[in-house]
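Listed below, chain by chain, are the residues.
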Amino acid sequence: MKRIYNFSAGPAMLPIEVLEEAKKDMLSYKGCGMSVMEMSHRSPEYSEIHQETKTLLKELLKVDENHEILFLQGGASSQFSMVPMNLLDPKDKAAYVITGSWAKKAYKEALLFGDISILASSEDKSFNYIPDIKVDEIDPKTKYLYLCTNNTIYGTRISPSLINSIKIPALLVGDMSSNILSEDYDMNRFDLAFAGAQKNLGPSGLTLVVVRKDIFNKEKGSLPTMFDYRTHIEKDSLYNTPPCYSIYICGLVAKWLKNLGGVKEIEKINREKSKLLYDFIDNSRLFKNEIKEEDRSLMNVVFVTGDKNLDESFVKGAKEKGLINLKGHRSVGGMRASVYNAMPLEGVNALIDYMKDFEINNI
Ligand SMILES: *Cc1c(COP(=O)(O)O)cnc(C)c1O
């Protein structure tokens, strides 16, 4: 059977081992006579999947007792409003770091709920760098600082060491949709982090939230039940029907990652994959990436030739070689290779081989 290398920014590739296992379980999960999709979310079989997935994720993320893992729906985009809705009263302050379109969307949602300021932004240079995060300029009354750890569209990321080096006088909230479990972030520094599953965790339909349980103090009953984090904390993400199948696949992905050696090990592989690409681009006479080394994403590698027609023919030719979805986001153009955890090294090498040929033929 033919499998292609999918460089999409999301939904992204899943590890082949995960798909094989899901295939094996499809008609009769562990011999129970039905698939995970058909099971009651209150059944013992599903309960085990739910708890095991949670335990594995807690282990991989290395979160302490004060943190809870939630399985929600509505995508990362729903978190843009759920976060301020739960953490702010209208007069409360929050500070946002605007490093791309996703952070900007989150900022716009927050404006509906409180007094929101922009602490730093890189919009002046089309988001091609990580701005200085001047924590001493944060108003002491600020409830939380919001940032996006990986900017999927622009190929930049706020590194774990940068986050570790700043002392944040407020809660820290992070959108980690496109780089959760890819690098060794100290997750206990985050009071709330979230990620749509479809990039590094599993299929779409599941939104993972990692949250410190004691950060909410709004009056009980003052929020819609489904949009109050405390509902899901108290009911263990089983207040209503969770996205069971997506959680099951996420559990298989977590198991795959654990068997591989966990986040530290995948970080090594991710560094190797992205370095191969960046080194090739930096030495190329055709392809360019202008992002400073320390700000470069390990997950989304953006590059251009500088000629729109050439970019287009690059993407077209790649598709013929089974390297798909290399077109950059419509807002920036050029190319983008998303090399999430499940993209094997062979895929990156196949891409580089194609880039070499393309360069020779077009220079
Ligand atoms: C993809 C992405 C989102 C949007 O996720 P949805 O689950 O589609 O809402 C938000 N933030 C970042 C950083 C992303 O990469």
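Residues numbered from 1 in each chain as written. Predicted model: local features only at pLDDT ≥ 70, side-chain atom pairs only at ≥ 80, totals over all residues. Heavy atoms only, no water.

**Thoughts on the site of the ligand**
In plain terms, the rule: By convention in these notes, a residue is near a molecule or strand provided one of its non-hydrogen atoms lies within 4 Å of it. Two N or O atoms count as a polar contact when they lie within 3.5 Å, although within protein this holds only if one can serve as hydrogen donor and the other as acceptor, and sequence-adjacent residues are included solely when both atoms are side-chain atoms. Each accessible area is a Shrake-Rupley estimate made with a 1.4 Å probe; only the visible protein chains count as cover when residues are assessed.
The immediate surroundings of the ligand are formed by 13 residues, with Ala 76, Ser 77, Thr 152, Asp 175 and Lys 199 found nearest. Contact between the ligand and Asp 175: a nitrogen atom at 2.6 Å from a side-chain N or O atom of the residue. Measuring from an oxygen atom of the ligand, one finds a side-chain N or O atom of Gln 198 at 3.0 Å. Calculation on the ligand without its partners gives an accessible area of 390 Å², and the protein chains cover 87% of this total.

**Describing the packing of aromatic side chains**
What counts is decided by this rule: The criterion for an aromatic pair is that two Phe, Tyr or Trp rings (for Trp, the six-membered ring) have centres within 6.5 Å, with stacked assigned to planes under 30 degrees apart, edge-to-face to planes over 60 apart and tilted to the rest. Here a strand is any run of E in DSSP of at least two residues, a helix any run of H or I of at least four, and the numbering for each starts at the N terminus. Exposed residues in this analysis have more than 50% of their type's maximum accessible area, buried residues have under 20%, and partly exposed residues fall in between, with area computed by a 1.4 Å probe over protein chains only.
A full pass over the atoms with the stated rule returns 19 aromatic pairs. For the pair Phe 80 and Trp 102, a centre-to-centre distance of 6.4 Å together with 50° between the ring planes defines the contact as tilted. Of the two residues, Phe 80 sits in helix 3 (residues 75-87) while Trp 102 sits in helix 4 (residues 101-110), which places them 22 residues apart along the sequence. Assessed through its relative accessible area of 3%, Phe 80 is described here as buried.

**Observations concerning the pairing of strand 10 (residues 207-212)**
Consecutive residues of a regular strand have side chains that alternate between opposite faces of the sheet. Formally: Each pair of strands is called paired provided DSSP finds at least two bridges between the two strands.
Burial of strand 10 is extensive: five of the six residues sit out of reach of the surface. Pairing of strand 2 (residues 67-72) with strand 10 involves six bridges; the strand directions are antiparallel. Along strand 10, the bridge assignment pairs His 67 with Arg 212. Note that strand 9 (residues 192-196) and strand 10 share five bridges and pair antiparallel. Along strand 10, the bridge assignment pairs Ala 193 with Val 210.

**Considerations on the packing of helix 1 (residues 16-25) against helix 7 (residues 244-260)**
Worth spelling out the cut-off: Under this scheme, a helix contributes an axis fitted over its contacting stretch, all axes are lines through C-alpha atoms, and angles between N-to-C directions fall in the 0 to 180 degree range. Small angles under 35 degrees read as roughly parallel and large ones over 145 as roughly antiparallel, with 65 to 115 read as roughly perpendicular and the rest as oblique. Left-handed describes a crossing whose near helix is turned anticlockwise from the far helix through less than a right angle; right-handed describes the clockwise counterpart. Whether two residues are in contact is decided by their heavy atoms: any pair within 4.5 Å suffices. Each residue gets one of three labels, nonpolar for Ala, Val, Leu, Ile, Met, Phe, Trp, Tyr, Cys and Pro, charged for Asp, Glu, Lys and Arg, and polar for the others, Gly among them.
Taken N-terminus to C-terminus, the directions of helix 1 and helix 7 make an angle of 130°; their axes are 9 Å apart at the nearest point. When the axes of helix 1 and helix 7 are compared, the pair comes out oblique. Of the two possible hands of crossing, helix 1 and helix 7 adopt the one that is right-handed. Facing Glu 17, Val 18, Glu 21, Ala 22 and Asp 25 of helix 1, the residues of helix 7 in contact are Tyr 245, Tyr 248, Ile 249, Leu 252, Val 253, Lys 255 and Trp 256. Considering only residue class, the contact of helix 1 with helix 7 consists of eight nonpolar, no polar and four charged.

**Brief notes about the domain arrangement of the chain**
The line we're drawing: Note: domain ranges come from an automatic or database domain assignment. Simply put, the buried area is the total loss of 1.4 Å probe accessible area from both parts when two parts are fitted together. The rule for a salt bridge is simple: a side-chain nitrogen of Lys or Arg has to be within 4 Å of a carboxyl oxygen of Asp or Glu.
Along its sequence, the chain is carved into domain 1 (17-259) and domain 2 (262-362). One C-alpha centre belongs to domain 1, the other to domain 2; they are set 27 Å apart. Taken together, the contact between domain 1 and domain 2 spans 24 residues of the former and 24 residues of the latter. Here domain 1 and domain 2 share an interface that buries about 2,100 Å² over both sides, 53% of which is from carbon and sulfur atoms. The interface formed by domain 1 and domain 2 contains two salt bridges. Asp 184 serves as the salt-bridge partner of Lys 264, at 3.5 Å between the closest nitrogen and oxygen. Where domain 1 packs against domain 2, one counts 15 residue pairs in polar contact (both at pLDDT 80 or more). Of all the secondary-structure elements, those providing two or more residues to the side of domain 1 that touches domain 2 are strand 7 (156-157) and helix 7. Considering each element in turn, the side of domain 1 that touches domain 2 owes the most residues, three residues, to helix 7. By residue class, the composition of the side of domain 1 that touches domain 2 is nine nonpolar, nine polar and six charged.

**Some thoughts on the pattern of salt bridges**
One side chain can pair with another of opposite charge once the charged atoms of both are near each other. A full pass over the atoms with the stated rule returns 23 salt bridges. Here Arg 212 and Asp 191 are joined by a salt bridge, their closest N and O atoms 2.7 Å apart. Note that Arg 212 is positioned in strand 10 and Asp 191 in the loop between strand 8 (171-175) and strand 9, a separation of 21 residues in sequence. Judged by relative accessible area, which is 24%, Arg 212 ranks as partly exposed. Overall, the relative accessible area of 7% leaves Asp 191 in the buried class. Residue Asp 282 is joined to Arg 296 by a salt bridge in which the shortest nitrogen-to-oxygen separation is 2.9 Å. One end of the pair, Asp 282, is in helix 8 (residues 262-282); the other, Arg 296, is in the loop between helix 8 and strand 11 (300-303), and 14 residues separate them in sequence. Connected through shared salt-bridge partners, Lys 54, Lys 58, Glu 68 and Asp 236 make up one network.

**Notes on helix 7**
Stated precisely, the cut-off is as follows: Helix span, as expected, comes to 1.5 Å for every residue beyond the first.
Between the first and last C-alpha of helix 7 there are 24 Å, a value that for 17 residues agrees with the 24 Å anticipated at 1.5 Å per step. Of all the 17 residues making up helix 7, 13 are buried; the element is thus mostly covered by neighbouring parts of the structure.

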